[in-house]
Amino acid sequence: MDEQQLIRQAQSGEVSAFEQLLDRYQKPVYHQALRLVSHPEDAADVTQEVFLKVWKYLPTFRGESSFSTWLYRMTDNAALDLLRREKKRRGDSSLDDDEGMAVIPVDPAATPQEALERSERQRAVSDALGRLSEEHRRVLVLREINGLSYEEIGQVLELAPGTVKSRIARARTALANILRQSGNFFD
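In this report, the structure presented in the accompanying data block is examined.

Rules used in this analysis
Residues numbered from 1 in each chain as written. Predicted model: local features only at pLDDT ≥ 70, side-chain atom pairs only at ≥ 80, totals over all residues. Heavy atoms only, no water. Helix = DSSP H or I, 4+ residues; strand = E, 2+ residues; numbered from the N terminus. Buried < 20%, exposed > 50% of the residue type's maximum accessible area, 1.4 Å probe, protein only. 1 Å grid on protein atoms, 1.4 Å probe; cavity = no way out; pocket = protein on both sides within 12 Å on 5 of 7 lines; lining within 4 Å. Points joined across faces, edges and corners; volume = space filled by probe spheres on them. Nonpolar A, V, L, I, M, F, W, Y, C, P; charged D, E, K, R; others polar. Axes fitted to C-alpha atoms, helices over the stretch in contact; angles between N-to-C directions. Left-handed = near helix turned anticlockwise from the far one by under 90°. Contact = heavy atoms within 4.5 Å. Phe/Tyr/Trp six-rings, centres within 6.5 Å; stacked < 30°, edge-to-face > 60°. Lys NZ or Arg CZ within 6 Å of the ring centre and 35° of its normal. Salt bridge = Lys/Arg side-chain N within 4 Å of Asp/Glu carboxyl O.

A separate point is the overall build of the chain. Across its full length, the chain holds eight helices and zero strands. Sequence-ordered secondary structure for the chain, helices as α and strands as β, is α-α-α-α-α-α-α-α. Burial statistics for the chain: of 187 residues in total, 39% are counted as buried.

Written out as structure tokens, the structure is:
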């Protein structure tokens, strides 16, 4: 069944259609949340919060943007809300990233050396992403991880396409600088 049919059925309260949407989008939403909040438990909380909001507000979804863009905006907002609550609770503005980011599956044909190098590279990039400003991390996750277009990112973050492009450029530069400073810049 195509996505538009599922959305219409879920909007009319059909639980099985909503479950199919959940099955399609639960992992991407979780991974976006994990890359924004860094801790698996927090990402799971954000994911749950997002899908509760989707269920509640799906009847108001008018399709002015794609369903995935709408979902990514909700995920972004829920993750930011959680980070702000945590900062207030801790009484500081730092972010701990000890848990790292989502794991990308290893190529089964890779040699042990290649798998180790990939794992180390992934860890370095995850750590560097965690050290980026919230603004930079958000645009990079949406562009590089979720693969959204500049226009879709603009819709999620409510920014003009030119602003999105400049933020992505600055975020990439900042990420490269962090990797360079840590001795982990990969060409």
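A word on the layout of surface pockets. The space that makes up the second largest pocket amounts to roughly 150 Å³. Every residue lining the second largest pocket is listed: T60, F61, R62, G63, E64, S65, W70, R73, M74 and N77. Broken down by class, the residue content of the lining of the second largest pocket amounts to three nonpolar, four polar and three charged.

As a packed pair, helix α2 (residues 15–37) and helix α6 (residues 134–145) sit with axes 10 Å apart at the nearest point and diverge in direction by 145°. Helix-helix and strand crossings are classified by hand; for α2 and α6 the assignment is right-handed. Every residue of α6 that contacts α2 at Q32, R35 and L36 is listed here: R137, R138, V141, L142 and I145. Taken together, the residues of the contact of α2 with α6 break down into four nonpolar, one polar and three charged.

Within the secondary structure, K27 sits in helix α2. Residues K27 and T47, spaced 20 residues apart in sequence, show a C-alpha to C-alpha distance of 8.9 Å.

Not every positive phi belongs to a glycine, and S38 is a case in point at roughly 75°. For S38, the location among the structural elements is in the loop between α2 and α3 (40–57). Phi at E158 takes a positive value of approximately 55°, unusual for a residue other than glycine. Topologically, E158 is positioned in the loop between α7 (150–157) and α8 (161–181).

Throughout the structure, instances matching the rule amount to five aromatic pairs. Taking 4.9 Å as the distance between ring centres and 70° as the angle between the ring planes, the aromatic pair formed by F18 and W55 counts as edge-to-face. Of this pair, F18 sits in helix α2 while W55 sits in helix α3, placing them 37 residues apart in sequence. On the basis of an interplanar angle of 45° and a centroid distance of 5.8 Å, the ring pair of F67 and W70 is categorised as tilted. Here W70 and F67 lie together in helix α4 (residues 67–90), a separation of three residues that amounts to about one turn. Of the two residues examined, F67 and W70, each falls in the buried class. For R143, the ring lying beneath its charged end belongs to Y150, and the centroid distance is 4.5 Å.

All right, on to the pattern of salt bridges then. Opposite charge on two side chains lets them pair, provided their charged atoms get close. With the rule as written, the count across this model stands at eight salt bridges. R62 is the partner of E64 in a salt bridge, and the nearest nitrogen-oxygen pair spans 2.9 Å. The class for E64 is exposed, based on a relative accessible area of 63%. Between D81 and R84 there is a salt bridge, with its nearest N and O atoms 3.8 Å apart. Of the two residues, D81 and R84 both sit in helix α4, three residues apart, roughly one turn of that helix. The exposure class of D81 is partly exposed, given its relative accessible area of 30%. Residue R84 is classed as partly exposed on the basis of its relative accessible area, which comes to 42%. In this structure, a network of salt bridges that share partners links the residues D81, R84 and E134.

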